[in-house]
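# Remarks on the overall topology
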Amino acid sequence: MNSDKQLENTGSEARSDQKTYDLMANTAADRAAMWDICAGVLERPTSKFVNELRADAVAPQIRAATAWLGDEFEAKDVIGALGAFAGRSNRFSAEDDLAELTREWDAWLENPDVEQFIAQSSRDARAEEDAWRKGELEAAKTLRATQFQAIDDNFQQLVAWSENADENTSSLVVQVLVRIVAAHITAESGRNLLGRLERQRGHLQMKFD
């Protein structure tokens, strides 16, 4: 093979590698975005978060962050329930919604350990994205393996938190928020935490009183 042909092949391989790295980077960025959405659930409710829920602004964020999963993302009813919540917002004040979310957060959602795990997972996914962008294959693979291990190490804690909140909350919107987290944990771990919640308490109802 002459030198010109070798250079041509090398350039083609490099372009192919970069295309793969860009795809992996975009996926890591989407996964980080979902971790950020989950972090919003674990944080003490704010007026900004409540207004986003009332405007149905969270559902499009979820759709964008999970598009890479295609039909494998199984939380379509979660997205539908967010729309139903937004649709009833003209009958309830933002202040009332914030009070309800804060009350339920105090009772069932607050968990510093789960909050810390989710925040770290977002940082790790962002670091993985950065490694792929730079073409640092080994660093990216190591970061991905670290994330797999972390979710495995914390899975039972995540199960306990989600089951407790899903089973005990009296607020449908809080149940929706818990299942957003469960859907992402399902996608990240390959273990059907969302299905587990659905089997225990049933599918989400779409009627908000």
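Structure shown above.
Structural notes, computed from the coordinates. (Residues numbered from 1 in each chain as written. Predicted model: local features only at pLDDT ≥ 70, side-chain atom pairs only at ≥ 80, totals over all residues. Heavy atoms only, no water.)

The next point concerns the nonpolar core. Formed by 49 residues in total, the largest nonpolar core has its most connected members in Leu 53, Ile 62 and Ile 118. It is helix 8 (residues 172-189) that contributes the most residues to this core, ten residues altogether. Apart from the residues lying within four places of it in its own chain, the contact partners of Ile 118 are Trp 35, Cys 38, Ala 39, Leu 42 and Val 181. Membership of the second largest hydrophobic core comes to five residues, among which are Ala 25, Ala 131, Trp 132 and Ala 140. (Core = buried A, V, L, I, M, F, W, Y, C linked by side-chain atoms within 4.5 Å. Buried < 20%, exposed > 50% of the residue type's maximum accessible area, 1.4 Å probe, protein only. Helix = DSSP H or I, 4+ residues; strand = E, 2+ residues; numbered from the N terminus. Contact = heavy atoms within 4.5 Å.)

Moving on to the side chain of Ser 121. When you line up the elements, Ser 121 lands in helix 6 (residues 112-133). Classification of Ser 121 by relative accessible area gives buried; the value is 7%. Once residues within four sequence positions are removed from consideration, Ser 121 is found in contact with Trp 35 and Gln 147.

Within the span of helix 9 (residues 193-201), buried status applies to Leu 193, Leu 194, Gly 195, Leu 197 and Glu 198. The secondary structure elements touched by the buried residues of helix 9 are helix 4 (76-87), helix 7 (137-168) and helix 8. Looking one or two residues beyond helix 9, the residue adopting positive phi is Gly 202, at roughly 95°.

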